[in-house]
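# Descriptive structure summary
Spelled out, the chains give:
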Amino acid sequence: LNPTNGILSNNYLSNFERGTANTQQNQQVDEQVDQLMTLLATCLCECAPPSTAADDEHGENINDPILMAVLQVVEYLIRHYQIHARPHTAHMMLRTFLPIHLMYPQLFQRVLSLVDLTTAGGSVGNSKSRKTNATMSGGAGTWTFLRPFAASGAKPINAKGLAKMAARDESLAMVLCDIGKRSGEVCVLEGRAVVVVSDNAAGGALPVRKGISAILSFSVGILVEALHIQSTSSEGRGGVRSGGVITGGVQESLVRKLLPLVLGACRSGGNGAQDGGYCPEWKEWGRLTASSLAMLCPLNGDVKTALCDAIVEGLPKMEKGSLSDDGDDQHMEGYNDRISTPLVDDASSALMALLAVLGSSHVNGGINGNDSSEHDDENDEWKYYLPMLPPGKDGNNNIVDYMGCDLPSSAYRAITKKCDAGINGSNVLAMAMGAIIQSISGHDNVDSDDEEDDNNDHGVIIEKMAPVVASFVMHVFQRLEKESSKLLTQYDDESKKKKRKSKGADEKDKFKADRDVSFLVDMINEPSLASLWNANFGALIAAVTVKAITSYDNIYKTQTKWIIESSSTVILNRYKSILEALSLNSK
């Protein structure tokens, strides 16, 4: 509140008058009002649900102390700064009270009667910030759809109606995003002010107040519903207003506006404690919106890659302090002395968002193509799909089944760095996968009908995760083959041999693909993923085993130069560790 304390003081008010103040002074006051109203919005959502007592004339709990305090501050701002009469500050009032329009309809109707819905809109700040915020704040006319609800005795607008309006008007959809983003910023400011970090393992996740959580839920709920309405709209019927033209489907212009917000939200906390704290529910806002965009919009490959990269960048970072502390309540069940529950929960959420984005990707063409040149191409679209059957003996790539997804290489590299199993052998992504599977299938004391439903759900989640694991496998082997080929031939030159000797004997044991190998081995060894590896009679284990053998064979088939024996031993040991893990898992 420090930046806004001034406008609430009598000393400030005695030296300020709206009518005689110049443009710059009014603008400074509007900026402070903007910050204060954003905070008040989160306080309003802290209020108790409306009272249904018989003596309550409007069915609203007008005696709630938080509500009364907020209304007194708003009344003060109206009387002394005429915030209801200025377009920018009127927009702030509507933005502040919109999240509680269902809980306190009479109060929201009173706010509608105070402002001019035709002119309300716009942003405050200098010319640079106004240009930056113009997309988020909406312009004049954004709120005109509320006119019918301002009349005395009119029924309040419901959530479905608000979503329909947001689907038809992009400016309103962006206002909803702005409401959520501002609440996340309040969370960060409050958390940093008291220097409270609830979980270092999750990258500095800050505690979230009930009011902030409620606003973020309101924002993403209405926005996702609006996207769904757009996706199901048809041209000329329930269409979307875009530049005066009625069109069907999710609008590209809206997606373009949403993407920067979504990408930024998904990346929150990705740098660990270096971020100085972040709002975990704002990150969830981004992941849920990203999942909805991927499932409802025909996004191109670049956009999906950007979404995958952002989701992975927001994964919790394995740092000191990321391990669970003493106390059973902070341990994942079955993961004692490994990783804290919030860390696994965060990774599980990121994984589900990643599954949603990857699940919307489709490879063009069928799976039975027999054009060998297409499969031999370096940019082969099947490159990271695990073959479930070995190639034919006639030399043609007549593989009849693949398993995988379009996991971008950039996302894979980021995952291996984030989930480097260097702390107590903990692979956070593998544990997150196991936690999701166990949350669906790990129920005890259920009747037969519930058990059958759980088995069905278990099979569904296995089917969704197996292709992602298969793509991880293929990325690992691609990396392993590449680095192995380099290792086998990089010391042909005599000068390189001498340079290698000068580095000492320990250098022989270093291998650039070790992180990838450890990533795969830890995923195979993760106890909670046993059901995934052994599904369908161990088909995934069999396929990875065959791939490991053919991959090792491919390395030496392509070599035409002299091979160093010590390098060959290093490579063999890596493949041996993978095969040993697979053999132990299959028992």
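Residues numbered from 1 in each chain as written. Predicted model: local features only at pLDDT ≥ 70, side-chain atom pairs only at ≥ 80, totals over all residues. Heavy atoms only, no water.

Moving on, we come to the overall build of the protein. Across its full length, the protein holds 23 helices and four strands. The buried share of the protein, reckoned over its 587 residues, is 48%. Working note: accessible area of the protein is about 28300 Å², and carbon and sulfur atoms make up 50% of it. (Helix = DSSP H or I, 4+ residues; strand = E, 2+ residues; numbered from the N terminus. Buried < 20%, exposed > 50% of the residue type's maximum accessible area, 1.4 Å probe, protein only. Areas by Shrake-Rupley, 256 points an atom, 1.4 Å probe, with all protein chains shown as cover.)

What follows deals with the environment of Lys257. You can see Lys257 is positioned in helix 11 (residues 252-266). Only 3.2 Å separates the side chain of Lys257 from the side chain of Glu170, close enough to count as a polar contact. (Polar contact = N/O pair within 3.5 Å; in protein donor to acceptor, adjacent residues only side chain to side chain.)

In terms of burial, helix 4 (residues 87-97) is largely enclosed, as nine of its 11 residues are buried. Those residues of helix 4 not exposed but buried are Thr89, Ala90, His91, Met92, Met93, Leu94, Arg95, Thr96 and Phe97.

Contact pair helix 2 (residues 23-44) / helix 4: the axes reach a minimum separation of 9 Å and the direction vectors enclose 10°. Between helix 2 and helix 4, the interaxial angle falls into the category roughly parallel. The two elements helix 2 and helix 4 meet at a crossing, and its hand is right-handed. Residues Asp30, Val33, Asp34, Met37, Thr38, Leu40, Ala41 and Leu44 of helix 2 touch helix 4, and the partners they reach there are Thr89, Met92, Met93, Arg95, Thr96 and Phe97. Looking at the contact of helix 2 with helix 4 residue by residue, the classes come out as eight nonpolar, three polar and three charged. (Axes fitted to C-alpha atoms, helices over the stretch in contact; angles between N-to-C directions. Parallel < 35°, antiparallel > 145°, perpendicular 65-115°, else oblique. Left-handed = near helix turned anticlockwise from the far one by under 90°. Contact = heavy atoms within 4.5 Å. Nonpolar A, V, L, I, M, F, W, Y, C, P; charged D, E, K, R; others polar.)

Turning to unusual backbone geometry, a few remarks are in order. Even without being a glycine, Gln82 presents a positive backbone phi close to 50°. Here Gln82 lies in the loop between helix 3 (65-81) and helix 4.

As a further point, take the packing of helix 8 (residues 159-168) against helix 10 (residues 210-232). Remark: helix 8 packs on helix 10, axes separated minimally by 8 Å, with the N-to-C direction vectors making an angle of 60°. One element, helix 8, and the other, helix 10, form an angle in the oblique class. Crossing hand, helix 8 versus helix 10: right-handed. Residue-level contacts link Ala159, Lys160, Leu162, Ala163, Lys164, Ala166 and Ala167 of helix 8 to Phe218, Ile222, Glu225, Ala226, Ile229 and Gln230 of helix 10. In terms of residue class, the contact of helix 8 with helix 10 is built from nine nonpolar, one polar and three charged.

What follows covers the environment of Ile100. Among the secondary structure elements, Ile100 is positioned in the loop between helix 4 and helix 5 (105-114). Not counting residues up to four positions away in its chain, the partners in contact with Ile100 are Leu44, Cys45 and Leu107.

With that settled, the discussion passes to the packing of aromatic side chains. By the definition in use, this model includes five aromatic pairs. With 5.4 Å between their ring centres and 85° between their planes, Phe472 and Phe519 make a pair best called edge-to-face. One end of the pair, Phe472, is in helix 18 (residues 448-489); the other, Phe519, is in helix 20 (residues 514-525), and 47 residues separate them in sequence. The same class applies to Phe472 and to Phe519, which are both buried. On the numbers, 6.2 Å between centres and 20° between planes, the contact of Phe477 with Tyr575 is stacked. Of this pair, Phe477 sits in helix 18 while Tyr575 sits in helix 23 (residues 565-585), placing them 98 residues apart in sequence. Judged by its relative accessible area of 2%, Tyr575 is buried. (Phe/Tyr/Trp six-rings, centres within 6.5 Å; stacked < 30°, edge-to-face > 60°.)

A few words now on the side chain of Asp64. Relative to the helices and strands, Asp64 is located in the loop between helix 2 and helix 3. Among the polar contacts listed, one links the side chain of Asp64 to the backbone nitrogen of Ile66, at a separation of 2.9 Å. Beyond its immediate chain neighbours, meaning those up to four positions away, Asp64 contacts Cys47 and Ala48.

For helix 2, which comprises 22 residues, the first-to-last C-alpha distance of 31 Å matches the rise-based estimate of 32 Å (1.5 Å per residue) to within 8%. Where helix 2 begins, the capping side chain belongs to Asn22, and its oxygen is found 3.2 Å from the backbone nitrogen of Gln24. (Expected span 1.5 Å × (residues − 1).)

It is worth spelling out the pattern of salt bridges at this point. In this structure the tally under the stated criterion is 20 salt bridges. Note that Arg79 is salt-bridged to Glu75, the shortest N-O span being 3.1 Å. Placement of both Arg79 and Glu75 in helix 3 is noted, with a separation of four residues, approximately one turn of the helix. The partner of Arg209 in a salt bridge is Glu190, and the shortest N-O contact between them spans 2.9 Å. (Salt bridge = Lys/Arg side-chain N within 4 Å of Asp/Glu carboxyl O.)

Moving on, we get to empty space enclosed by the protein. Inspection of every chain in the model, using the stated rule, returns two cavities of 30 Å³ or more. Of the volumes computed, that of the largest cavity is approximately 50 Å³. Taken together, Met37, Thr38, Ala41, Arg95, Thr96, Ile179, Arg182, Ser183 and Ile215 make up the lining of the largest cavity. Only helix 2, helix 4 and helix 9 (170-193) provide two or more residues apiece to the lining of the largest cavity. Residues belonging to the lining of the largest cavity are distributed by class as follows: four nonpolar, three polar and two charged. Together, Ile311, Val312, Leu315, Ala350, Leu351, Leu354, Ile415 and Leu429 line the second largest cavity. Looking at the lining of the second largest cavity, the elements with two or more residues in it are helix 13 (301-313) and helix 14 (341-359). Considering only residue class, the lining of the second largest cavity consists of eight nonpolar, no polar and no charged. (1 Å grid on protein atoms, 1.4 Å probe; cavity = no way out; pocket = protein on both sides within 12 Å on 5 of 7 lines; lining within 4 Å. Points joined across faces, edges and corners; volume = space filled by probe spheres on them.)

Attention now moves to the nonpolar core. Side chains of a nonpolar character, in soluble globular proteins, are inclined to be buried together. Core analysis: the biggest nonpolar cluster contains 152 residues, and Trp285, Phe472 and Trp533 have the highest contact counts within it. At 14 residues, helix 18 tops the list of elements feeding residues into this core. Here Trp533 is in contact with Val469, Val473, Leu520, Met523, Ile524, Gly538, Leu540, Ile541, Val544, Leu582 and Asn585, once residues within four sequence places are set aside. (Core = buried A, V, L, I, M, F, W, Y, C linked by side-chain atoms within 4.5 Å.)

For the rest of this paragraph, the subject is the confidence of the model for the protein. The predicted coordinates ought not to be read in detail in places where the model reports low pLDDT. With 69% of its residues at a pLDDT of 70 or more, the protein has an overall mean of 77. For the stretch residues 319-337, pLDDT sits under 50, and the model shows 44 contacts to residues farther than four places along the chain or on other chains. Low confidence marks residues 362-379, where pLDDT is under 50. Its contacts with residues over four positions away, or in another chain, come to 23 contacts. (pLDDT = per-residue confidence, 0-100.)

Below, the discussion takes up the environment of Tyr385. Secondary-structure assignment places Tyr385 in strand 3 (residues 385-387). The sequence separation of Tyr385 and Asp406 amounts to 21 residues, and the corresponding C-alpha distance is 8.2 Å. A distance of 2.8 Å separates the side chain of Tyr385 from the side chain of Asp406, its partner in a polar contact.

Turning our eyes to something else, we now look at the state of the cysteines. All chains considered together, the criterion is met by zero disulfides. Here Cys187 is not cross-linked by a disulfide; its sulfur's nearest cysteine counterpart is in Cys279, at 3.6 Å. For Cys187, a relative accessible area of 0% gives the class buried. (Disulfide = S-S within 2.5 Å.)

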